[in-house]
Amino acid sequence: MNVKVNLSTAANQYNTPTQPIGAKSKQDGSFLNVGDETTKVGKQDMGTFTERLAEAFKTDNAEIIRALDELSDNDKMEIAMRSYFQMQGRIYSAKSKEESDIKKFGSLKEEKAYYADMLEEAKENGTAEIKDEKDARFAFSDKKAGEKVSTRDIEKALEDVQGRIDSFLYPNGRNEDGSAISSRDNEMMTRDYIAYASAFKEVTGLEADCLDPGESLYLYKTDRNEDNFIEKARANIKDLDKMSNDLRDLMKKYRDEQAIEIGGGNLSEEARTRMEAFDYVREQFVYGDQKTELKTLGILDVKA
């Protein structure tokens, strides 16, 4: 299947000014209060409204959200779809970070193992010898074949790479039990995901485990250490793939309940095209075709 789509970012593609309160028109959308502002909900501003709806849910104040019942089924579907995109976008971002971190951490471990081998030789012989140019790596990449490296130089290299490993695992230091100290920024994507999940639940009435990400979206995991990092990262990638698939199934359930299918129903043609393209690329990403990226379609803004 060839997907050729040129779409702007789902979360930010509309930026029309707030309409003043006036006579309502079912065709143009409903008026809805979110916090202190009154917004006309319609096809021109559904994207920014969905963002603001998610932000309102972050306060956990039911009084902030009013009159959602006045939304049409079409409006609710648009909000559900946009919330779905935002949740999937954060899953995508977390999975990409895990894969990148596995490579970075693997490289650090390889460097550490290189120095450890050299140190063993140096302890036996007083120095370690660079065997050939290919053998000169990392901190000693400028050495020539036959040159000697002292025990102290190797120990300094080991200290340096260990510091980088510790910073990678514990960017804000450690607790007394040895676990990483968390921070508000560490949970940023989790808070956003839960906010969009709350909006999704409100308009669809659906509940599912995939709407609660737990700690799977943390920027770094507080329970990982040098020995288990890669194993746990790979396990979390599997969990993220499952969450993505379950979220897809939940969205499909809602579409089916509303008797809306891709290519027909109450969604706009642009929205249907975006959903079809997204679902296709999501399948490629989850099942291993990393050449196809969700962000290349321009349908996600994981910072929104």
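Just above sits the structure.
So, how was this worked out
Residues numbered from 1 in each chain as written. Predicted model: local features only at pLDDT ≥ 70, side-chain atom pairs only at ≥ 80, totals over all residues. Heavy atoms only, no water. Helix = DSSP H or I, 4+ residues; strand = E, 2+ residues; numbered from the N terminus. Buried < 20%, exposed > 50% of the residue type's maximum accessible area, 1.4 Å probe, protein only. Contact = heavy atoms within 4.5 Å. Areas by Shrake-Rupley, 256 points an atom, 1.4 Å probe, with all protein chains shown as cover. Core = buried A, V, L, I, M, F, W, Y, C linked by side-chain atoms within 4.5 Å. Axes fitted to C-alpha atoms, helices over the stretch in contact; angles between N-to-C directions. Parallel < 35°, antiparallel > 145°, perpendicular 65-115°, else oblique. Left-handed = near helix turned anticlockwise from the far one by under 90°. Nonpolar A, V, L, I, M, F, W, Y, C, P; charged D, E, K, R; others polar. Polar contact = N/O pair within 3.5 Å; in protein donor to acceptor, adjacent residues only side chain to side chain. Phe/Tyr/Trp six-rings, centres within 6.5 Å; stacked < 30°, edge-to-face > 60°. Lys NZ or Arg CZ within 6 Å of the ring centre and 35° of its normal. Salt bridge = Lys/Arg side-chain N within 4 Å of Asp/Glu carboxyl O.

## Focus on the overall build of the protein chain
Along the backbone of the protein chain there are six helices and four strands. For the protein chain, the N- to C-terminal ordering of α and β elements is β-β-α-α-β-β-α-α-α-α. Sorting the 304 residues of the protein chain into buried and exposed places 45% on the buried side. Once local pairs closer than 6 in sequence are excluded, the contacts in the protein chain between residues at least 24 apart make up 68%. Total accessible area on the protein chain is roughly 16,200 Å²; 44% of this is exposed by carbon and sulfur atoms.

## Quick word on the nonpolar core
Inside soluble globular proteins, nonpolar side chains tend to come together where they are buried. In this structure, M87, L211 and L247 are the most contacted members of the largest nonpolar core, which totals 32 residues. Elements with a contribution of two residues or more to this core: helix 1 (46–58), helix 2 (73–125), helix 4 (188–204) and helix 5 (229–257). Among the elements that take part in this core, helix 2 stands out by supplying nine residues, more than any other. What L247 contacts, discounting residues up to four positions off in sequence, is Y84, M87, Q88, I91, Y193, C210 and L211. Grouped together as the second largest cluster of nonpolar side chains are 25 residues, I102, L169, A180 and I237 included.

## Things to note about the packing of helix 2 against helix 3 (residues 151–169)
At a minimum axis separation of 9 Å, helix 2 and helix 3 run at an interaxial angle of 160 degrees. Judged by the inter-axis angle, helix 2 sits roughly antiparallel to helix 3. Once helix 2 is placed against helix 3, the crossing between them reads as left-handed. Here D101, K104, F105, L108, K109, E111, K112, Y115, A116, M118, L119 and A122 of helix 2 come into contact with helix 3, specifically with T151, I154, E155, A157, L158, V161, Q162, R164, I165, F168 and L169. Residues belonging to the contact of helix 2 with helix 3 are distributed by class as follows: 14 nonpolar, two polar and seven charged.

## As for the packing of helix 2 against helix 4
Contact pair helix 2 / helix 4: the axes reach a minimum separation of 9 Å and the direction vectors enclose 155 degrees. Taken together, the axes of helix 2 and helix 4 are roughly antiparallel relative to one another. Here helix 2 and helix 4 pass one another in a crossing that is left-handed. For the pair helix 2 and helix 4, contact is made by K76, I79, A80, S83, Q86, M87, R90, I91, S93 and A94 and by M189, D192, Y193, Y196, A197, A199, F200, V203 and T204, respectively. Residues that form the contact of helix 2 with helix 4 fall into these classes: 12 nonpolar, four polar and three charged.

## Topic: unusual backbone geometry
Glycine aside, a negative phi is what most residues show, and trans is what most peptide bonds show. Even without being glycine, F138 reaches a positive phi, approximately 55 degrees. Of note, F138 is situated in the loop between strand 3 (127–129) and strand 4 (148–150).

## Things to note about the side chain of D241
Along the chain, D241 turns up in helix 5. With a relative accessible area of 16%, D241 lands in the buried category. Within polar-contact distance, the side chain of D241 engages the side chain of K95 at 2.8 Å.

## Let's talk about the environment of K238
Looking at the secondary structure, you find K238 in helix 5. Judged by relative accessible area, K238 falls into the exposed class, the value being 63%. Sequence spacing of K238 and K95 is 143 residues, and the spatial spacing of their C-alpha atoms is 9.1 Å.

## Here's the deal with the environment of N236
Within the element layout of this structure, N236 appears in helix 5. Look at N236 and you get buried, because its relative accessible area is 8%. Sequence spacing of N236 and S216 is 20 residues, and the spatial spacing of their C-alpha atoms is 6.5 Å. Once you skip the residues sitting within four places of it in the chain, N236 turns out to touch E98, S216, K221 and R224.

## Digging into the packing of aromatic side chains
If you walk through the whole model with that rule in mind, you get eight aromatic pairs. For the pair F168 and F229, a centre-to-centre distance of 5.4 Å together with 75 degrees between the ring planes defines the contact as edge-to-face. Highlighted residues: F168 in helix 3 and F229 in helix 5, separated in sequence by 61 residues. The exposure class of F168 is partly exposed, given its relative accessible area of 22%. Ring-pair connections join several aromatic residues into one group, and the members of that group are Y114, Y115, F138 and F140. Positioned above the aromatic ring of F229, the side-chain terminus of R224 is 5.2 Å from the ring centre.

## A word on the pattern of salt bridges
This structure, assessed with the given rule, holds 21 salt bridges. Across the salt bridge formed by K109 and E226, the nearest N and O atoms sit 3.2 Å from each other. Here K109, found in helix 2, pairs with E226, found in the loop between helix 4 and helix 5; they are 117 residues apart in sequence, far enough to count as distant. Judged by relative accessible area, K109 falls into the partly exposed class, the value being 29%. One connected set of salt bridges, linked through shared partners, spans E98, K221 and R224.

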